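Each chain, written out:
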Amino acid sequence: QAQLVESGGGLVHPAGSLRLSCAASKSIFSIYDTVWYRPLPGKERELVAGISPGGRTNYADSARGRSTISRDNANNTVYLQMNSLKPEDTAVYYCKAERTFALNTYYYWGQGTQVTVSS
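Bear in mind that the values here come from a model prediction, so they are computed numbers and not experimental data.

With respect to the state of the cysteines
No. 1: With the rule as written, the count across this model stands at 1 disulfide.
No. 2: Paired through a disulfide, cysteine 22 and cysteine 95 show a sulfur-sulfur distance of 2.1 Å. Judged by the sign of its S-S torsion, about -80 degrees, the bond between cysteine 22 and cysteine 95 is left-handed. A residue pair is termed long-range when its members are at least 10 positions apart, and cysteine 22 in strand 3 (residues 18-24) and cysteine 95 in strand 9 (residues 91-101) qualify at 73 residues. Across this residue pair, the class does not change: cysteine 22 and cysteine 95 are buried.

In structure tokens:
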């Protein structure tokens, strides 16, 4: 499924900031876990940040202290605020919503948004 739309990426200088958005076509974030992933060169896709329906958050070590994940259920949107950006943060960022229930796992994802950090 591809029912999420990521936006907010772009070209920024080192130490700059971006706020990424993940918009859903319907209300799902109140019951789905939501994460931001990024594939890095020569590496598997890694988790940047996640948020549960109850508001629990977690971050990759590389993102902790610089990033904040949040959501607005009324607008069906999850955000990722990224500060103090580094060239190593350059990647396509993907949002994924997931829910496991009754032996089945349900997913929503989008096409990603490009983040480029460069001088």
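Brief notes about the packing of aromatic side chains
No. 1: Per the stated rule, a full pass over the model turns up 1 aromatic pair.
No. 2: On the basis of an interplanar angle of 70 degrees and a centroid distance of 5.5 Å, the ring pair of tyrosine 32 and tyrosine 108 is categorised as edge-to-face. With tyrosine 32 in the loop between strand 3 and strand 4 (33-38) and tyrosine 108 in strand 10 (residues 104-109), this pair connects stretches of sequence that are 76 residues apart.
No. 3: For the cation-ring pair, arginine 19 lies above tyrosine 79, with the distance from its terminal atom to the ring centre recorded as 4.3 Å.

Some points on the nonpolar core
No. 1: Among the nonpolar cores identified, the biggest contains 29 residues, and Leu4, Ile28, Phe29, Trp36, Ile69, Leu80 and Tyr93 are the most heavily contacted of them.
No. 2: For this core, the secondary-structure elements that each account for two or more residues are strand 3, strand 5 (46-51), strand 8 (77-82), strand 9 and strand 11 (113-117).
No. 3: Apart from residues no more than four positions distant in its own chain, tyrosine 93 is found in contact with Glu6, Leu20, Trp36, Tyr37, Arg38, Val48, Leu80, Met82, Gly112, Thr113 and Val115.

Side note on the pattern of salt bridges
No. 1: Tallied over the entire structure, the rule returns 5 salt bridges.
No. 2: With a closest N to O distance of 2.6 Å, arginine 64 and aspartate 61 form a salt bridge.
No. 3: On the basis of relative accessible area, arginine 64 is assigned to the partly exposed category, the value being 47%.
No. 4: For the salt bridge of aspartate 89 with arginine 66, the shortest nitrogen-to-oxygen distance reads 2.8 Å. Of this pair, aspartate 89 sits in the loop between strand 8 and strand 9 while arginine 66 sits in the loop between strand 6 (57-59) and strand 7 (67-72), and the two are 23 residues apart along the sequence.
No. 5: Given the relative accessible area of 13%, arginine 66 is considered buried.
No. 6: What you see here is one network of salt bridges that share partners, running through Arg38, Glu46, Arg66 and Asp89.

Calculation notes
- Residues numbered from 1 in each chain as written.
- Predicted model: local features only at pLDDT ≥ 70, side-chain atom pairs only at ≥ 80, totals over all residues.
- Heavy atoms only, no water.
- Disulfide = S-S within 2.5 Å.
- Helix = DSSP H or I, 4+ residues; strand = E, 2+ residues; numbered from the N terminus.
- Buried < 20%, exposed > 50% of the residue type's maximum accessible area, 1.4 Å probe, protein only.
- Phe/Tyr/Trp six-rings, centres within 6.5 Å; stacked < 30°, edge-to-face > 60°.
- Lys NZ or Arg CZ within 6 Å of the ring centre and 35° of its normal.
- Core = buried A, V, L, I, M, F, W, Y, C linked by side-chain atoms within 4.5 Å.
- Contact = heavy atoms within 4.5 Å.
- Salt bridge = Lys/Arg side-chain N within 4 Å of Asp/Glu carboxyl O.

Nothing here speaks to function; it is geometry throughout.
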